[in-house]
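Here is what each chain is made of, one letter per residue.
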Amino acid sequence: MLIHSITRGFLFALQSFWRNIWLSLATVFVVFLALVSVNFLIMINVITDSAVNAVKDRVDVSIYFKPEVKESKIAEVKTKLEGLPQVKEVIYKSPEENLAAFSERHINDQKIQETLKELSGNPMGATLVIKAKDIKDYPEIMRSLEDPAISDLIEEKNYDNNQLVIDRINLISDNIKKVMMIISLIFIIIAILIVFNTVRVAIFTHQNEISIMKLVGAGNWFIRFPLVFETILAGLLAVVALMLFLYPVLSFAQNYLTSFFAGASFDLIGYFNNNFIVIFGTEIVAVVIINSISAMVAISKYLNV
Amino acid sequence: MIHLDNVTKIFPPDTAALKSATIHIEPGEFVSIVGQSGSGKTTIVRLLIAEVQPDEGSINIGGWDITKIKQRQIPILRRQIGVVFQDFKLLPKKTVFENVAFALQVSGVPKSRIQTIVPQVLHIVDLTDKAGRYPQELSGGERQRVAIARALIHRPKVLLADEPTGNLDALNTKDIIELLLKINEFGTTVVMVTHNKDIVNSLKRRVITLDRGLVAQDQKVGKYVI
């Protein structure tokens with residue numbers, strides 16, 4: 001009996017969806033637009049994250065060793081640093097490389113070029129360039145270098161010069177996250193309200209039918225179930241339409257952004273592919289829940305016949 | 001079959017649609033309830049299908065005290081009473097067959113049984129060839145016959161007809177009344193609310209006359225007197 005009623009409910013819903021096709025398509029379209037706005041926001045989040053990470057990735061800290069420090073000692077420090085969980089990468093630059101780079105940097109400065117020629121040996125020591133996994137990890141990494149066994153070998157660190165920039169990038173990044181969270185919340189609330197009202201309008205057009213069904217002796221669930229399922233169906237079709245629409249847009253946006261930001265990598269399609277289940281799964285669940293609740297609330301208004 | 005005892009219904013703020021009305025209708029009767037607009041005719045139908053509850057008095061239909069009916073029992077009551085409305089109240093997005101079948105589907109009747117019963121009832125109301133049409137593709141008389149078919153599908157003991165000819169021309173009116181008489185001949189109690197003087201006078205059946213919420217007259221073989 002229950003299975004019989006449920007099957008009948010599904011059939012009624014499909015029949016009603018088809019026979020009210022323009023109303024159904026209008027509902028699908030509005031839910032689709034609400035979903036597009038939410039996914040557009042996800043795209044903005046990914047782009048913002050990528051942009052902030054690209055800036056963060058350019059930040060590193062250099063440790064300049066005294067010229068007399070042997071390469072083996074520096075290798076020991078490098079190994080120790082690489083062992084730290086916060087460190088992403090440590091690059092060794094030999095004194096020769098540093099001298100060549102310095103000379104290259106000041107190639108138009110006559111005085112520096114003459115001074116370098118007059119010097120008998122290489123005045124520069126080796127350098128370790130450290131990249132942290134997170135920009136917030138630099139203070140912790142710097143603390144590990146305070147051990148006298150290491151600090152005595154170091155002539156200079158550029159962390160103090162970079163600290164202001166690092167702090168500012170951290171602050172901007174944190175603020176961007178907060179702003180995006182607030183915008184996301186506002187967008188999601190607006191999307192929910194739009195879907196809620198669309199479903200209410202769709203149910204409103206069934207108002208007369210609902211009262212007739214009641215007068216003919218239909219129970220509340222016999223009326224409610226097909227209408228709720230019909231709105232869920234509209235929501236699911238909106239998600240399918242979203243998927244079909246989104247990927248071409250992502251592909252276009254990715255190419256455009258990569259050329260706009262001069263080679264920076266924005267893997268939007270990769271992000272949506274890697275999080276496919278989370279993004280679209282959450283959207284399907286949300287659409288089912290929001291549409292069901294909206295439909296139930298709207299229908300209950302017309303059931304008192 | 002139908003017993004209204006001292007029933008009073010007041011609609012807000014203070015419109016008394018029925019005042020201490022007492023009506024007893026026996027099984028198999030054909031009763032016309034007549035009266036001017038606002039006399040309380042339709043209120044009786046609305047009370048009998050539990051669309052509204054009386055403020056005073058009791059209503060018993062087929063042994064069921066519907067003044068004490070629970071909300072979840074209302075659909076069960078309505079499946080046992082056939083109702084025909086002036087504006088037909090057909091589902092616009094369902095065909096003639098589906099409209100009639102719907103009354104069975106709400107009771108969980110299997111598809112195979114529906115496929116047997118609906119054509120039989122459509123045959124009674126002479127709509128077999130219009131089973132696949134939608135209500136908007138039918139004339140007023142045909143729509144009303146669909147509504148009657150839907151009301152009959154459960155083989156109810158009582159058929160309530162609220163101004164069943166109100167939207168019909170003379171020819172269709174005659175058809176519908178003949179159909180209601182035929183249904184009554186099969187043993188169904190028919191209660192018809194109307195203000196059509198010609199119909200009431202031609203029927204020569206029991207007539208209950210309402211006047212401003214009061215039962216003004218109750219004649220075994222009556223006439224439209226207002």
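The rules behind the values
Residues numbered from 1 in each chain as written. Chains lettered and ligands numbered in written order. Predicted model: local features only at pLDDT ≥ 70, side-chain atom pairs only at ≥ 80, totals over all residues. Helix = DSSP H or I, 4+ residues; strand = E, 2+ residues; numbered from the N terminus. Rg over C-alpha atoms; globule rule 2.2 N^0.38 Å. Buried ≥ 20, exposed ≤ 12 C-beta atoms within 10 Å, placed from the backbone. Contact = placed C-beta atoms within 7 Å. Expected span 1.5 Å × (residues − 1). Domains from an automatic or database assignment. Nonpolar A, V, L, I, M, F, W, Y, C, P; charged D, E, K, R; others polar. Pairing = 2+ DSSP bridges. Core = buried A, V, L, I, M, F, W, Y, C linked by C-beta atoms within 7 Å. Axes fitted to C-alpha atoms, helices over the stretch in contact; angles between N-to-C directions.

**Let's talk about the overall build of chain B**
Next up, step 1: A tally of regular secondary structure across chain B gives 7 helices and 10 strands.
Next up, step 2: Relative to the 2.2 N^0.38 estimate, which gives 17 Å for 226 residues, the radius of gyration of chain B is 17 Å and therefore close to what a compact globule would have.
Next up, step 3: Seen along its three principal axes, the alpha-carbon backbone of chain B occupies a region of about 45 × 40 × 35 Å.
Next up, step 4: Taken across its 226 residues, chain B has 44% of its residues classed as buried.

**Thoughts on the overall build of chain A**
Next up, step 1: Within chain A, the regular secondary structure consists of 12 helices and 4 strands.
Next up, step 2: For chain A, whose C-alpha radius of gyration is 31 Å, the value lies well above the compact-globule estimate of 19 Å for 305 residues.
Next up, step 3: Projected onto its principal axes, the C-alpha coordinates of chain A cover approximately 105 × 40 × 30 Å.
Next up, step 4: Within chain A, the proportion of its 305 residues that are buried is 24%.
Next up, step 5: In chain A, the share of contacts with a sequence separation of at least 24, taken over all contacts with a separation of at least 6, comes to 85%.

**Re helix H12 (residues 276-300) of chain A**
All names here are of chain A.
Next up, step 1: Between the first and last C-alpha of H12 there are 35 Å, a value that for 25 residues agrees with the 36 Å anticipated at 1.5 Å per step.
Next up, step 2: Of the residues making up H12, those classed as buried are Val287, Ile290, Asn291, Ser294, Ala295, Ala298 and Ile299.
Next up, step 3: Its buried side turned inward, H12 meets helix H2 (21-57), helix H8 (159-204), helix H9 (207-216) and helix H10 (220-260).

**Focus: the environment of Ile135(A)**
All names here are of chain A.
Next up, step 1: Along the chain, the position of Ile135 falls in the loop between strand S3 (127-132) and helix H6 (138-144).
Next up, step 2: Judged by local crowding, Ile135 falls into the partly exposed class, with 19 C-beta atoms found within 10 Å.
Next up, step 3: As a C-alpha pair, Ile135 and Ala234 span 99 residues in sequence and 45 Å in three-dimensional space.

**Some details on the domain arrangement of chain A**
Often, the extent of an interface is quoted as the loss of accessible area upon association of its parts.
Next up, step 1: Each assigned domain of chain A is listed with its residue range as follows: domain 1 (2-55 + 169-300) and domain 2 (67-152).
Next up, step 2: For domain 1 of chain A and domain 2 of chain A, the distance between their C-alpha centroids amounts to 53 Å.

**As for the interface of chain B and chain A**
Next up, step 1: Listed as interface residues are 15 residues of chain B and, on the opposing side, 16 residues of chain A.
Next up, step 2: Of all the secondary structure elements, the ones that give two or more residues to the side of chain B that touches chain A are helix H2 (74-80) and helix H3 (96-105) of chain B.
Next up, step 3: Here the residues of the side of chain B that touches chain A sort into 7 nonpolar, 2 polar and 6 charged.

**Looking at the environment of Val34(B)**
Residues and elements named next belong to chain B.
Next up, step 1: Position of Val34 among the secondary structure elements: in strand S3 (residues 30-34).
Next up, step 2: The class for Val34 is buried, based on 26 C-beta atoms found within 10 Å.
Next up, step 3: Placed 160 residues apart in sequence, Val34 and Thr194 show a C-alpha to C-alpha distance of 5.4 Å.

**Quick look at the pairing of S3(A)**
Residue and element names in this part refer to chain A.
Next up, step 1: Strand direction decides the pairing type here: strand S1 (residues 61-65) and S3, joined by 4 bridges, are antiparallel. Note that in S3 the partner of Tyr64 across the bridge is Thr127.
Next up, step 2: Of the pairings in the sheet, the one linking strand S2 (residues 87-93) to S3 comprises 6 bridges and is antiparallel in character. Bridge pairing in S3 places Tyr92 opposite Leu128.

**Topic: the nonpolar core**
Next up, step 1: Ranked by size, the top nonpolar core spans 107 residues in total, and within it Val31(A), Ala238(A), Leu48(B), Val100(B), Ala149(B), Leu160(B) and Val191(B) carry the most contacts.
Next up, step 2: No other element matches the 13 residues that H10(A) contributes to this core.
Next up, step 3: Contacts of Ala149(B), omitting those with residues within four sequence positions, involve Val100(B), Val121(B), Leu122(B), Val125(B) and Leu127(B).
Next up, step 4: Membership of the second largest hydrophobic core comes to 13 residues, among which are Phe65(A), Ile130(A), Ile141(A) and Leu153(A).

**What about the sheet that holds strand S7 (residues 158-162) of chain B?**
All names here are of chain B.
Next up, step 1: Pairing in this open sheet of 6 strands is mixed, and the strands run S6-S7-S8-S3-S9-S10 from one edge to the other. Two strands close off the open sheet at either side, each with one partner strand: strand S6 (81-84) and strand S10 (214-219). Pairs of neighbouring strands in the sheet enclose a mean axial angle of 15°, with direction left out of account.
Next up, step 2: Against the sheet, helix H5 (residues 140-152) engages S6 and S7, with an angle of about 170° to S6.

**Considerations on the sheet that holds S2(A)**
Residues and elements named next belong to chain A.
Next up, step 1: On the basis of which strands lie adjacent, the open sheet formed by 4 strands has the order S2-S3-S1-S4 and antiparallel pairing. Pairing within the sheet leaves two strands with one partner each, and these edge strands are S2 and strand S4 (154-157). Taken over all neighbouring pairs, the strand axes of this sheet differ in orientation by 20° on average, direction set aside.
Next up, step 2: Judged from the 3 bridges that link them, S1 and S4 form a sheet pairing that is antiparallel. Among the inter-strand pairings, Tyr64 is bridged to a residue of S4, identified as Glu156.
Next up, step 3: In this fold helix H3 (residues 71-82) packs onto S1, S2 and S3, with an angle of close to 165° to the strand it touches most, S2.

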